[in-house]
Amino acid sequence: MRVIVDFDLCESNALCMANAPEVFEVRDDDFLYVLQEEPPDSLRPKVEAAARACPKAAITIVD
Amino acid sequence: MSADSTDEGLPTDGTAVVVGASLAGLRAAETLRAEGFEGRLLLVGDELHLPYDRPPLSKQVLAGTWPPERVVLADRSKLDAMRIEAMCGQGAIALDPVGRRITLEDGSVLEADGVVIATGASPRRLPGTEGNEAVGVLRTLDDAAALRARVLAHGPGCRVVVVGAGFIGSEVASTCAGLDCKVTVLEAMPTPLAPAVGEQIGAALATLHASAGVELRTRVGVTAVHPPDGPADGQPAEGAPAPGAAGWVVLTSGEWLAADVVVVGIGVRPNTAWLEDSGLELADGVVCDGSLFAADAVTAAGDLARWRWRRDGLDESVRIEHWQVAAEMGVAAARSLLAGRRRAPAFDPVPYFWSDQYGVRIQVLGRPDPADEVAFVDGSAEEGRYVALYGRQGRLRAALAVGRPRKLMAFRPLLAAGASWQEATSLPLD
Ligand SMILES: Cc1cc2nc3c(=O)[nH]c(=O)nc-3n(C[C@H](O)[C@H](O)[C@H](O)COP(=O)(O)OP(=O)(O)OC[C@H]3O[C@@H](n4cnc5c(N)ncnc54)[C@H](O)[C@@H]3O)c2cc1C
Ligand code: SF4
């Protein structure tokens, strides 16, 4: 599983981070950092929840 | 359809109708399809646009940094791919929740096995200003376009009067200041946002206006807005607004303010008028049970839905007007419909909202109450960046951050778990 974020769409509201803090982190500089671009499959439910929660649909998961 | 089968949940080959084609409605329709509903799926909305996102309206769209098309949440091809039949420009005027029949403006009737009500809310207007087009509100894409056009037509120095220093009013003021307008914000309460975030934080946030040269005036109401050629009686001798301007804003203090544009942000009212004769319980919203049912096989979601929320020893009837809650509620309302009333889980979110104004991001998790105890756990109001916690009855109830997204999110698991005030205030933050 690979996580791709469209940073042109992202507005740093940290909703993905609320669902999958292991993978997404919005730092105090207000930018989103992807901590693991290829997270383990055990995180799939959380990453999927994060993608769904993103207001901007900025997160894509590719297998 | 027998009562038994509704108890068992929506038949997967039936017909589902979602009324209200915005955030909550779209999320409900998407979820129905994604989670096994194979039947006919209609998304009925009274706006001419396909579902779109509202938060950017007071921010990027009004500022002109985003083209309006960018707010679309789902275009035709996406809806087609999910076999969602979007009926735009079709208002629902009645619902029979027992027979699950929905009557549309044009007189046609839709029959459904399951219904999601998601008709949202509409802005309150200032009494007596209904006919004056230069006295605007901001809820729709069309409102945003009209407001932006008006501000640009007047050019730099445009005198904007914002009535109401709530989140939307403050965002409009901030964005207009960025467009070189001369902005005045009028607020009836002594401290703006006090009901939402309490006195202390409300007072801290209020200082943001002055940082951008926006004048905030509290404890002042509006008694009338007169057109530029309005009554000579009481009109100041100088500074008269030009023709085409909003006119004179008359304050409770007796003062007259000349305004090119007036924007009213004094809250919203749930769109329940079309449900008046439905027999559903209405009380400042559609009243739902803990899993969002307003009646058997009828659920509600979003700004208009009031649900019974039981957690941590609290038992409240709650209606929340925030993006994240509306989105999650749309998903939950669809799941409830699919599961049926007996098996549907309770809707138990960690509410979240954000507001962008004057270059800072305000984020709130949970539900602050003005009576809560407040503790700063990172930064301070003076620094302008901070995390503050809200506690009640020994428990953490909410967390608010200004410019501290990462630290704020550390409190989300604690809120979800119903952590104690002691545990929350001693959480180490790196
Ligand atoms: C300018 C603005 C900025 C915002 N910014 C933020 C923000 O920064 N953060 C945040 O958390 N929240 C924000 N919000 C709030 C957020 O947008 C709302 O909570 C969200 O839109 C609610 O979604 P909803 O689907 O419940 O209702 P709505 O978005 O109100 O949608 C309801 C839809 O139903 C339609 N409808 C109404 N009656 C009928 C009928 N009888 N028949 C058919 N259709 C009908 C309406 O026209 C509308 O299209 C903002 C809102 C606005 C207006
Ligand atoms: S949820 Fe979406 S918009 Fe928000 S920070 Fe994550 S990727 Fe960005």
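Residues numbered from 1 in each chain as written. Chains lettered and ligands numbered in written order. Predicted model: local features only at pLDDT ≥ 70, side-chain atom pairs only at ≥ 80, totals over all residues. Heavy atoms only, no water.

## Considering the overall build of chain B
Phase 1 of the analysis: Looking only at helices and strands, one finds 12 helices and 27 strands in chain B.
Phase 2 of the analysis: For chain B, the spread of C-alpha atoms along the principal axes amounts to about 75 × 60 × 35 Å.
Phase 3 of the analysis: Expressed as a percentage of its 430 residues, the buried residues of chain B come to 58%.
Phase 4 of the analysis: Of the contacts formed within chain B by residues at least 6 apart in sequence, a portion of 62% connects residues at least 24 apart.
Phase 5 of the analysis: For chain B, the accessible surface area stands at approximately 17,500 Å², while carbon and sulfur atoms represent 50% of it.
Phase 6 of the analysis: Within chain B, one finds 40 positive and 55 negative side-chain charges whose respective centroids are separated by 4 Å. (Helix = DSSP H or I, 4+ residues; strand = E, 2+ residues; numbered from the N terminus. Buried < 20%, exposed > 50% of the residue type's maximum accessible area, 1.4 Å probe, protein only. Contact = heavy atoms within 4.5 Å. Areas by Shrake-Rupley, 256 points an atom, 1.4 Å probe, with all protein chains shown as cover. Lys, Arg positive; Asp, Glu negative; His and termini not counted. Charge placed at Lys NZ, Arg CZ, Asp CG, Glu CD.)

## Remarks on the pairing of strand E15 (residues 256-259) of chain B
All names here are of chain B.
Phase 1 of the analysis: Alternating residues of E15 divide into Trp-256 and Ala-258 and Leu-257 and Ala-259, and every residue in both groups is buried.
Phase 2 of the analysis: Two strands pair when backbone bridges link them, and strand E14 (residues 247-251) and E15 are joined in this way by 4 bridges, in the antiparallel orientation. Along E15, the bridge assignment pairs Trp-248 with Ala-258.
Phase 3 of the analysis: The antiparallel hairpin formed by E14 and E15 contains 4 residues in its connecting segment, where Gly-254 sits at a positive phi of about 95°. (Pairing = 2+ DSSP bridges.)

## Let's talk about the site of ligand 2
Phase 1 of the analysis: Near ligand 2 you find Cys10(A), Glu11(A), Ser12(A), Asn13(A), Ala14(A), Leu15(A), Cys16(A), Val26(A), Leu32(A), Cys54(A), Pro55(A) and Ile59(A), and these make up its full shell.
Phase 2 of the analysis: Taking a 2 Å distance to the grid points as the criterion, the majority of the atoms of ligand 2 fall inside the second largest cavity. (Near = heavy atom within 4 Å. 1 Å grid on protein atoms, 1.4 Å probe; cavity = no way out; pocket = protein on both sides within 12 Å on 5 of 7 lines; lining within 4 Å. Sits in = over half its atoms within 2 Å of the grid points.)

## Notes on the environment of Thr15(B)
Residues and elements named next belong to chain B.
Phase 1 of the analysis: Relative to the helices and strands, Thr-15 is located in strand E1 (residues 15-19).
Phase 2 of the analysis: A C-alpha to C-alpha distance of 8.9 Å links Thr-15 and Glu-38, two positions 23 residues apart in sequence.
Phase 3 of the analysis: When near neighbours in sequence (up to four residues on either side) are disregarded, Thr-15 contacts Leu-10, Phe-37, Arg-40, Glu-111, Ala-112, Asp-113 and Gly-114.

## Quick word on the nonpolar core
Phase 1 of the analysis: If you look at the biggest cluster of nonpolar residues, it comprises 104 residues, and the most contacted ones within it are Phe24(A), Leu32(B), Leu95(B), Ile102(B), Ile117(B) and Trp307(B).
Phase 2 of the analysis: Ranked by the residues each element gives to this core, the list is headed by helix H9 (residues 323-339) of chain B, at 11 residues.
Phase 3 of the analysis: Looking at which domains feed residues into this core, each of domain 1 (3-122 + 268-339) and domain 3 (359-425) of chain B gives three or more.
Phase 4 of the analysis: Once residues lying within four places of it in the same chain are set aside, the contact partners of Phe24(A) are Val3(A), Val5(A), Cys16(A), Met17(A), Leu32(A), Tyr33(A), Ala50(A) and Ile59(A).
Phase 5 of the analysis: Counting 43 residues, the second-largest nonpolar core is a separate cluster that includes Val71(B), Val172(B), Cys181(B) and Val183(B). (Core = buried A, V, L, I, M, F, W, Y, C linked by side-chain atoms within 4.5 Å. Domains from an automatic or database assignment.)

## Topic: the packing of aromatic side chains
All names here are of chain B.
Phase 1 of the analysis: Applying the stated rule across the entire model yields 7 aromatic pairs over all chains.
Phase 2 of the analysis: An angle of 65° between the planes, with centres 5.2 Å apart, marks the rings of Phe-376 and Tyr-386 as edge-to-face. Of this pair, Phe-376 sits in strand E25 (residues 373-380) while Tyr-386 sits in strand E26 (residues 385-392), placing them 10 residues apart in sequence.
Phase 3 of the analysis: Connected via pairs of aromatic rings, a cluster forms that spans Trp-307, Trp-309 and Phe-347.
Phase 4 of the analysis: Note that Arg-70 overlies the ring of Trp-66, its terminal NZ or CZ placed 4.1 Å from the centroid. (Phe/Tyr/Trp six-rings, centres within 6.5 Å; stacked < 30°, edge-to-face > 60°. Lys NZ or Arg CZ within 6 Å of the ring centre and 35° of its normal.)

## A short note on the layout of surface pockets
Phase 1 of the analysis: Roughly 620 Å³ of volume is contained in the second largest pocket.
Phase 2 of the analysis: Contributing to the lining of the second largest pocket are 25 residues, with Ala57(A), Arg27(B), Glu30(B), Leu73(B) and Lys78(B) lying nearest its centre.
Phase 3 of the analysis: Those elements that place two or more of their residues in the lining of the second largest pocket are helix H2 (44-53) of chain A together with helix H2 (23-34) and H9 of chain B.
Phase 4 of the analysis: The element contributing the most residues to the lining of the second largest pocket is H2(B), with 5 residues.
Phase 5 of the analysis: In terms of residue class, the lining of the second largest pocket is made up of 13 nonpolar, 1 polar and 11 charged. (Points joined across faces, edges and corners; volume = space filled by probe spheres on them. Nonpolar A, V, L, I, M, F, W, Y, C, P; charged D, E, K, R; others polar.)

## Some words on the sheet that holds strand E22 (residues 314-318) of chain B
Residues and elements named next belong to chain B.
Phase 1 of the analysis: Spatially, the 3 strands line up as an open sheet ordered E18-E21-E22, and their pairing is mixed. Of all strands in the sheet, those bounded by a partner on one side alone are strand E18 (286-288) and E22. Between one strand axis and the next, the sheet turns by 20° as a mean value, whatever way the strands run.
Phase 2 of the analysis: Judged from the 3 bridges that link them, E18 and strand E21 (residues 305-311) form a sheet pairing that is parallel. Within E21, the position partnered with Cys-288 by the bridge is Trp-307. (Axes fitted to C-alpha atoms, helices over the stretch in contact; angles between N-to-C directions.)

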